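Read off the chains here:
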Amino acid sequence: MLSSHEGTGRFVTIDLRAVEQLAADQSSLKAAAGLTRPAKWSGIGISADDTLIWGECAGSGANPYRVMADLRDLGNKCTCPSRKFPCKHVLALLWIRAEAILPFPAADTPEWVSDWLGRRRTGGAARPAAAPGAPRDLSVARTAEPEAAASQVPEAAARREAASAKRAQDTERAALEAMDALEQWIGDQLRMGLASFIDEATTRCRRIAARLVDGKAAALAGRVDELPARLLALPAGDRARGAVVELGKLVTLARAFRAAPRDPAILRAVTTAESRETLLAAPDPLIVSGSWEVLAEHVRTRRDGLVSQTCWLLDLNRESASPRFAMLQDFFPASAGRRASAFTPGERFLADLLFYPSSAPLRALLIQRRSGETESTWPQAEAEPITALATALHHEPWALDVPMLLPRGRLALDASGAGWWQSADAAVTLPLAEEPTRLALGTDLLGAAALWSGNRLRLLAAQTAWGRIDGHA
């Protein structure tokens, strides 16, 4: 149960009985038991008056869930999409506190905890109370995992491994057939003419995307389904060229898959991404400890009903000649509502990132945030942006977005009102996907981070003599 400091009236500690009573059901406790492992958590802390606790719990997505609780009345909040209240992450955080599984260092209250505290109504909304339904028992939840482990006899493990190998073979066979269908479809579009393809892109792409889903090429299906939106975002006069670039990348990806169907990066672009557990279990994962700056976050609702949340990071203490970018990506159903962002553009922090295997690692998972001083300046921009772009596309020519760190330059408008970035020496000029903001237009940019989409440049952030400028969200 809860206890308080003598004479203060504040409830500052919690025991397991309170966690048990707070759970919605026994399954919530069982799920919470699996989340009490220290490796799941980062950024744990407690307020100076011992009333607020918080932490970040790794989930299935790229960004950890932010979990917080007020020990005075057990009010709580988590950024996960669970419909249970409290969710398993909240129960796990309280469980960790009750059993002192991890230390809770006293720290300044994070902004995301303060925001929640300012919005919530205090007064015992979540006090532990006996709820109707089956009794909940922490001891049962605690023993569930060992029982499951005991059942993993060698024969069962061998059967699972064989079944997994067969599923992988079936997926590969179906995806290869889907690639044949995709290439035939692309040939048909070119024969019928680009003009009619652009006019009917939504219907035609939706049709082949459905066939790709049937062929277990889910990731590629989502990309094809979004192709019309990318074309319509271009000026009308540039859509034919954009269609050629998009279809050419699809052909390149299909042939790359046929040549190396088990290459991790290619398989990820065609079928689906590896789970967090798979990446962590890899024999030699690429983990980078860096000083990172949040360049930008892009949130977009896709046609398949999923929300794509992408955060772009730049390593500030990169010592090699080329800058290191990281892309944290998460997907969740639009019906779950918009998730609170884990990052703020311009925010800097120390962290360990685990990169997905690739010849040009870019997509990553946040493993742990650490305290300490971060670097204050960006790394040196690439003097030859076209050469850097060609190098990146040499590794993955089917990539939709390639991050670039540009040297000193300016943004300007031409006579037709189209936006351009031009290097300070006027040696390189690249078209912009969006009209520059009035703040950025004509400003001397000391450096800029941007995405190259194959047709145009999209500004993420820029450095000027008087500070940072954000790109379009």
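Each remark here, short or long, concerns the structure printed above.
Just so it is clear, the structure is predicted and the values come from calculations on it, not from any experiment.

Calculation notes
Residues numbered from 1 in each chain as written. Predicted model: local features only at pLDDT ≥ 70, side-chain atom pairs only at ≥ 80, totals over all residues. Heavy atoms only, no water. Phe/Tyr/Trp six-rings, centres within 6.5 Å; stacked < 30°, edge-to-face > 60°. Helix = DSSP H or I, 4+ residues; strand = E, 2+ residues; numbered from the N terminus. Buried < 20%, exposed > 50% of the residue type's maximum accessible area, 1.4 Å probe, protein only. Lys NZ or Arg CZ within 6 Å of the ring centre and 35° of its normal. Bend = angle between axes of the 7 residues up to and from the residue. Pairing = 2+ DSSP bridges. Axes fitted to C-alpha atoms, helices over the stretch in contact; angles between N-to-C directions. Contact = heavy atoms within 4.5 Å.

Student: So what exactly am I meant to see when it comes to the packing of aromatic side chains here?
Tutor: Note on aromatic pairs: each is described by the distance of the centres and the angle between the planes. Under the definition given, this model contains three aromatic pairs. Judged by centre distance (6.0 Å) and plane angle (75°), the rings of Trp185 and Phe197 are edge-to-face. On the criterion of sequence distance, the pair formed by Trp185 in helix H6 (residues 154–192) and Phe197 in helix H7 (residues 194–199) is long-range, its members being 12 residues apart. This pair shows no difference in class: Trp185 is buried, exactly as Phe197 is. Relative to Phe349, the ring of Phe343 lies with its centre 5.4 Å away and its plane at 15°, an arrangement referred to as stacked. The ring of Phe355 has Arg324 sitting right over it, with the charged end atom 5.5 Å from the ring centre. Here Arg369 stacks its cationic end above the ring of Phe349, 4.3 Å away from the centre of that ring.

Student: Would you mind showing me how to read the environment of Pro103 here?
Tutor: With respect to the element layout, Pro103 can be found in the loop between helix H3 (88–99) and helix H4 (111–119). C-alpha of Pro103 to C-alpha of Gly45: the two residues are 58 residues apart in sequence and 8.1 Å apart in space.

Student: Please clarify how helix H9 (residues 218–232) should be interpreted in this entry.
Tutor: Since the α-helix advances by 3.6 residues per turn, residues separated by three or four positions end up pointing in the same direction. The largest bend in H9 comes to about 35°, at Glu226, with the proline Pro228 one to four residues further on. Among the residues making up H9, those that are buried are Leu220, Ala221, Gly222, Arg223, Val224, Asp225, Glu226, Leu227, Pro228 and Leu231.

Student: Is there a simple way to think about the sheet that holds strand E5 (residues 65–70) in this case?
Tutor: What holds strands together in a sheet is hydrogen bonding between their backbones, with the strands either parallel or antiparallel. Here we have four strands laid out as an open sheet, ordered E3-E4-E5-E6, and antiparallel in their pairing. Edge positions in the sheet fall to strand E3 (41–46) and strand E6 (75–78), since each has one partner strand and no second. Recorded for the sheet is a direction-independent mean angle of 10° between the axes of neighbouring strands. Here strand E4 (residues 52–57) runs beside E5; their pairing, made up of six bridges, is antiparallel. The residue of E5 that forms the bridge with Cys57 is Tyr65. Most of the contacts of H3 go to E5, to which it runs at about 60°, and overall it touches E3, E4, E5 and E6. Against the sheet, H4 contacts E4, E5 and E6, and its axis sits at roughly 50° relative to E5.

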